Amino acid sequence: MEEKEKTYGQIKKEELFYKKKSAFEVKTEKELDDARRYADGYVKFLDNAKTEREAVITAIELLKAAGFREYHVGDKISHGDRLYLNNRNKGLIAFKVGKGDIEKGIRITAAHIDSPRLDLKQHPLYENEGIAYFKTHYYGGVRKYQWATIPLALHGIVEKADGETVTVRIGDEPGDPVLCITDLLPHLAKDQNVKPLGEAFSGEGLNIVLGSSPFFEDGKISDVDDKVKLNIMIMLNEKYGITESDFISAELCAVPAQNAVDVGLDRWLIGAYGHDDKVCAYPEITALIESDSEYTCIAALADKEEVGSDGVAGMQNRMLLDVINEISSNLGGNGTVVRVNSKCLSADVTVCYDPNYPEVSEKRNSAILHCGLGMAKYTGARGKGGTNDCPAEFVAEVRKIFDDAKIVWQTAELGKVDQGGGGTVAKFIANTNIDTVDIGVPVLSMHAPFELISKLDLYETHRAILAFYK
Ligand code: MN
Ligand code: MN
C-alpha cells in the first residue's frame, strides 16, 4: 500500500504534542532480551531480601563481589575507592569515589528497603483454646484483609542478652511449614460482610497460627497449663536456643511465604512481596557497580520509610549527611559546597494505572504499565501536603539526562487529586540542600502481599540511574 503524504496538521501534531510510548514500541529485540535477563538477577535478589536486614546482607554480597570494601565512619577515603557503610544492619550507603573534583557535587540515589509486613509484638506467644498464636503489630500501610488466609513466613533476628544473634527464616524453603492468619467462612460472615473494608479486620485480630499440638511427656499429654505454647517454646528453644524473654529483644516479622514469580503467560510481569521498594534499591546497586562515572556516586538504602523514615536507619537520620561530609573533607572539599552541587534521584515505587480501578487515577498523569520508569515532580496529599515538589529547573535537567540516554520514562502522579496520596524520602534529602526528584517503578497492587511490576520498567530504572550517575 502506498504511504499517504502527511497533512500539515498531522506534521504539526507530531512536532508539538507529547506522546507516551510503551517500551514494546521502541525497544529492539536485543534490548527486550537484556530486560528479561536483568529481571532474573532482580528476582534472585528479591527472594533473599524480604526484610531490610536481608536486603542489606544481599546487597553487600553483590557489592563485595564487585570489589567494594566495608567503610566505617572515620576511615580514610581516597579517589577511586569503592566502599559501603553498613548502618546497623538495617541501612546501607554504598559509594564509588570518582576521580573528578568533589566540589562539583555527588550523584546520589536513595531508596528504601523496608516493606509493609506484620511485626511480632514483644510478648508475642500465647495459647488460646489449644492453638498457639503470635500477636502482631502491623508495620506500614497494610490492607489488613489481604494478610489473612495466605501462607506466611517468619523472618528476622533474635538478639540474646549475651550478645548472640540468632537468625530466623522459616517458611520459604521447599518442605518448610508456613504460618497463617485465619478468616471467617462465608457461611458465618453475615456481620463481618456489612462492615466497611477498613474495619472488617482489626489490628489486634491479626494473630498468627503457630501450632496446635500439646507437649507430651512419658508418652502422655503433659498436665501443665499452656501445653501447646510450651510445646512451641520447647521447639524454638531446641532450634534457636531462645527462651520466651528473648522475644523482648527480637525483630521478627511475618512476610508472605511466596517467592517472586513470573506473572502472565507472556512472562513480562513479576509478582512478588516487597517490590516496594527493593525494585528501586536493586537498580541503584547494579547501576553503582556498573558505573564508571567521574563523579562520586552514592546509593543510599534506608529503613523505616514505610513508617515515616525516623530512627537511626531511616532517611531522616543524618548518616547520609555525615558520609557526604566525610567524603568531602577526605578529598579536600567543603561539605556545604559539595551538597549544593550534588543531585539526587529519590527512587521509590509509584502507582501504576490499573484498568481494573480507573476511578482512582487521572489517566493522563498516571504511570502506565511498560511505559518505563515514572518521574514524579511532586508527591504528597491534599494539595501536595508533605511533598518535595522538585523545582522545574532540576526536572528539566533530569529529563534531558533520560532523553539523551534514550530511557523509556514517563511522568507519574499518585492517584487522583484528593483520592489519597503518599510521600517518599525525597524531601528529607532535599531538606539538606540537595536537588532531589522522585523517580521509580510503577506498581500494581502496591503494598499487597503480592505486588506486580513490569520487567521493562525495572530495566529502564536501572538504565536511568546509570545515566544519572554518569
Ligand atoms: Mn516505597
Ligand atoms: Mn510503600
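Residues numbered from 1 in each chain as written. Chains lettered and ligands numbered in written order. Predicted model: local features only at pLDDT ≥ 70, side-chain atom pairs only at ≥ 80, totals over all residues. Heavy atoms only, no water.

Visitor: Before we move on, can you summarise the coordination of the manganese ion (ligand 1) with the specific residues and values?
Guide: Taken together, the protein ligands of the manganese ion (ligand 1) are His112 (NE2), Asp276 (OD), Asp348 (OD) and Asp348 (OD), with distances of 2.1 to 2.6 Å. We note that the donor set of the manganese ion (ligand 1) lies within a single chain, spaced as H-x163-D-x71-D. The distance between the manganese ion (ligand 1) and the manganese ion (ligand 2) comes to 3.3 Å, with Asp276 serving as a donor to both metals. One end of the pair, Asp276, is in helix 8 (residues 275-290); the other, Asp348, is in the loop between strand 16 (343-347) and strand 17 (350-351), with 72 residues separating them in the sequence. Classification of Asp348 by relative accessible area gives buried; the value is 8%. (Donors = N, O, S within 2.8 Å, 3.2 Å for Na, K, Ca; no water. Helix = DSSP H or I, 4+ residues; strand = E, 2+ residues; numbered from the N terminus. Buried < 20%, exposed > 50% of the residue type's maximum accessible area, 1.4 Å probe, protein only.)

Visitor: Would you mind going over a nonpolar patch on the surface in detail, with residue names and values included?
Guide: Residues Leu184, Leu185 and Leu188 make up a contiguous nonpolar surface patch of roughly 280 Å² in combined accessible area. Within the secondary structure, Leu188 sits in the loop between strand 8 (165-170) and helix 5 (190-193). (Patch = residues over 30% accessible without salt bridge, like charges linked within 9 Å, V, L, I, M, F, W, Y side chains within 5 Å. Areas by Shrake-Rupley, 256 points an atom, 1.4 Å probe, with all protein chains shown as cover. Salt bridge = Lys/Arg side-chain N within 4 Å of Asp/Glu carboxyl O.)

Visitor: Account for the environment of Ser202, naming residues and giving values.
Guide: With respect to the element layout, Ser202 can be found in the loop between helix 6 (197-200) and strand 9 (208-211). C-alpha separation for the pair Ser202 and Ile324, spaced 122 residues apart in sequence, amounts to 43 Å.

Visitor: Explain the coordination of the manganese ion (ligand 2) to me, and be specific about the residues and the numbers.
Guide: Coordination of the manganese ion (ligand 2) by the protein involves Asp276 (OD), Glu306 (OE), Glu306 (OE) and His447 (NE2), with metal-donor separations of 2.0 to 2.6 Å. Each donor residue of the manganese ion (ligand 2) belongs to the same chain, with the gaps between them written as D-x29-E-x140-H. A relative accessible area of 13% means that Glu306 is categorised as buried.

Visitor: Explain the nonpolar core residue by residue, including any values.
Guide: The biggest cluster of nonpolar side chains holds 60 residues, and the ones touching the most others in it are Leu92 and Phe402. With 8 residues, helix 3 (residues 29-47) is the single largest residue contributor to this core. Grouped together as the second largest cluster of nonpolar side chains are 35 residues, Leu120, Leu152, Ile242 and Ala254 included. (Core = buried A, V, L, I, M, F, W, Y, C linked by side-chain atoms within 4.5 Å.)

Visitor: Break down the state of the cysteines for me, with residues and values.
Guide: Across all of its chains, the model carries 0 disulfides by this definition. With no disulfide of its own, Cys253 has Cys180 as its nearest cysteine by sulfur position, at a separation of 16 Å. Cys390 provides the cysteine sulfur closest to Cys344, a residue in no disulfide bond, and the two sulfurs are 10 Å apart. (Disulfide = S-S within 2.5 Å.)

Visitor: Can you tell me about helix 7 (residues 227-240), naming the residues and giving the values?
Guide: For an α-helix the count is 3.6 residues per turn, leaving residues at separations of three or four pointing the same way. Between its first and last C-alpha, helix 7 extends 19 Å over 14 residues, near the 20 Å set by a 1.5 Å rise per residue. Where helix 7 is concerned, the buried positions are Val228, Lys229, Asn231, Ile232, Met233, Leu236 and Tyr240. Looking at the buried residues of helix 7, the elements they touch are strand 5 (117-128), strand 6 (131-139), strand 8 and strand 9. Of the residues flanking the end of helix 7, it is Gly241, one or two places downstream, whose phi is positive at about 70°. (Expected span 1.5 Å × (residues − 1). Contact = heavy atoms within 4.5 Å.)

Visitor: Quick one: what's the story with the pattern of salt bridges, residue by residue and with numbers?
Guide: Across all of its chains, the model carries 32 salt bridges by this definition. A salt bridge links Glu164 to Lys160, with the nearest nitrogen and oxygen atoms 3.0 Å apart. You can call Glu164 partly exposed: its relative accessible area is 39%. The buried category is assigned to Lys160, whose relative accessible area is 15%.

Visitor: Account for the packing of helix 8 against helix 13 (residues 455-469), with residues named and values stated.
Guide: One way to put it is that helix 8 packs onto helix 13 with a least axis distance of 8 Å and a crossing angle of 45°. The angle between helix 8 and helix 13 places the two elements in the oblique class. Crossing geometry of helix 8 relative to helix 13 is assigned as right-handed. Across from Val279, Cys280, Pro283, Glu284, Thr286, Ala287, Leu288 and Glu290 in helix 8, the residues of helix 13 making contact are Leu458, Thr461, His462, Ile465, Leu466 and Tyr469. For the contact of helix 8 with helix 13, a count of residues per class yields 9 nonpolar, 3 polar and 2 charged. (Axes fitted to C-alpha atoms, helices over the stretch in contact; angles between N-to-C directions. Parallel < 35°, antiparallel > 145°, perpendicular 65-115°, else oblique. Left-handed = near helix turned anticlockwise from the far one by under 90°. Nonpolar A, V, L, I, M, F, W, Y, C, P; charged D, E, K, R; others polar.)

Visitor: So what about the environment of Pro256? Which residues, and what values?
Guide: Mapped onto the elements of the fold, Pro256 is located in strand 12 (residues 250-256). A relative accessible area of 2% places Pro256 in the buried class. Expressed as a C-alpha distance, the spacing of Pro256 and Ser202, which sit 54 residues apart in the sequence, is 19 Å.

Visitor: Could you give me a rundown of the side chain of Lys455, with the residues and numbers involved?
Guide: Structurally, Lys455 is set in helix 13. Classification of Lys455 by relative accessible area gives buried; the value is 5%. Reaching out from Lys455, the side chain makes a polar contact with the backbone oxygen of Arg267 at a distance of 2.8 Å. Once residues within four sequence positions are removed from consideration, Lys455 is found in contact with Ala35, Ala39, Asp262, Arg267, Trp268, Leu269 and Ile270. (Polar contact = N/O pair within 3.5 Å; in protein donor to acceptor, adjacent residues only side chain to side chain.)

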